[in-house]
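# Architecture and fold: a report
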Amino acid sequence: QNQVKEWSLKPWNKLDIQELTKGADEFDKKVRRLPNKYVGIEQLPPYKKLKDAVDGFKKSVPLIEKLKAPSIQERHWEKIMAQTGNDLGEINLRTITLAKVFELNLQDHEEVVDEVLTEANAEEKNEKNLRAIEQTWKVQQFEVVKYFKGNEERGWAIKSPDEIRVALEDNILNLQNIASSKFV
């Protein structure tokens, strides 16, 4: 019981998934051994409630692990709350606790978590591609030279624009892919 209380009060960013997994397995083993120790306990409401709680906890751990992915942002938590109909109020990933996460009953909404995780990963990939494009053009240098037609000076021109053209074409393709993504 102390272990569950400690986990429940621990901030989200401090949770150790391996510790939760190990704890869930230990609780599950203990609950499964109770009928061997106490005959007929399976029929008692407190046992059923305990078993349901442990089963829910065990089913939630893989979902919690998915939600700890770096791509999951506060906006994704808000989407989960909206889709599950459970409102935890303002979400702050530094201060939210496991107890609050359990209020979402994630074990009953696995498909929602998977959908939001897919969206978050796609958004992260798009954001990474946008940063790469931005970085390409921040460091891109255009060398200009005097342009001559015959012996007559006609102004200035970009020297060897082939590399720039290739980078531009690649970046245009990447931007088109990002724009066509449903996770923009």
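Our structure's up above, just so we're on the same page.
Here is a short report on the structure shown in this document. (Residues numbered from 1 in each chain as written. Predicted model: local features only at pLDDT ≥ 70, side-chain atom pairs only at ≥ 80, totals over all residues. Heavy atoms only, no water.)

## A few points about the overall build of the chain
Of the regular secondary structure elements, the chain holds seven helices and two strands. The secondary structure elements of the chain, listed N-terminal to C-terminal, are α-α-α-α-α-α-β-β-α. The C-alpha atoms of the chain give a radius of gyration of 27 Å, which is well past the 16 Å a tight globule of 184 residues would have. Dimensions of the chain, computed from C-alpha atoms along their principal axes, come out at roughly 105 × 30 × 25 Å. The buried share of the chain, taken over its 184 residues, is 29%. When contacts within the chain are restricted to residue pairs at least 6 apart in sequence, long-range pairs at least 24 apart make up 61% of them. Surface exposure of the chain reaches about 12,800 Å², of which carbon and sulfur atoms provide 51%. (Helix = DSSP H or I, 4+ residues; strand = E, 2+ residues; numbered from the N terminus. Rg over C-alpha atoms; globule rule 2.2 N^0.38 Å. Buried < 20%, exposed > 50% of the residue type's maximum accessible area, 1.4 Å probe, protein only. Contact = heavy atoms within 4.5 Å. Areas by Shrake-Rupley, 256 points an atom, 1.4 Å probe, with all protein chains shown as cover.)

## Some remarks on the environment of Ala120
Here Ala120 is to be found in helix α6 (residues 110–139). For Ala120, a relative accessible area of 1% puts it in the buried group. Ignoring sequence-local partners within four residues, the contact set of Ala120 consists of Ser71, Ile72 and His76.

## Details of the pattern of salt bridges
Applying the stated rule across the entire model yields 13 salt bridges. Here Glu19 makes a salt bridge to Lys10, at a shortest N to O gap of 3.9 Å. Using a relative accessible area of 26% as the deciding quantity, one classes Glu19 as partly exposed. (Salt bridge = Lys/Arg side-chain N within 4 Å of Asp/Glu carboxyl O.)

## Topic: the packing of aromatic side chains
Scanning the entire structure with this criterion turns up six aromatic pairs. Arranged with centres 5.7 Å apart and planes meeting at 20 degrees, the rings of Trp7 and Phe57 form a pair that is stacked. Placement of Trp7 in helix α1 (residues 2–9) and of Phe57 in helix α3 (residues 45–67) is noted, with a sequence separation of 50 residues between them. For the pair Trp7 and Phe57, a shared accessibility class is recorded, and that class is buried. Taking 5.5 Å as the distance between ring centres and 65 degrees as the angle between the ring planes, the aromatic pair formed by Phe57 and Phe102 counts as edge-to-face. A residue pair is termed long-range when its members are at least 10 positions apart, and Phe57 in helix α3 and Phe102 in helix α5 (residues 98–102) qualify at 45 residues. A residue is classified by how much of its surface remains accessible, and Phe57, at 10% relative accessible area, is buried. Cluster of aromatic residues (ring-pair linked, three or more members): Trp7, Phe27, Phe57 and Phe102. (Phe/Tyr/Trp six-rings, centres within 6.5 Å; stacked < 30°, edge-to-face > 60°.)

## A word on the environment of Asn129
By secondary structure assignment, the location of Asn129 is in helix α6. On the accessibility criterion, Asn129 (27% relative accessible area) is partly exposed. Sequence spacing of Asn129 and Asn174 is 45 residues, and the spatial spacing of their C-alpha atoms is 7.4 Å.

## A closer look at the pairing of strand β1 (residues 144–149)
As paired elements, β1 and strand β2 (residues 152–158) share six bridges and run antiparallel to each other. Residue pairing in the sheet places Lys146 in a bridge with Trp156 of β2. Between β1 and β2, which pair antiparallel and follow one another directly, the connecting turn spans two residues, one of which, Gly150, has a positive phi of 70 degrees. (Pairing = 2+ DSSP bridges.)

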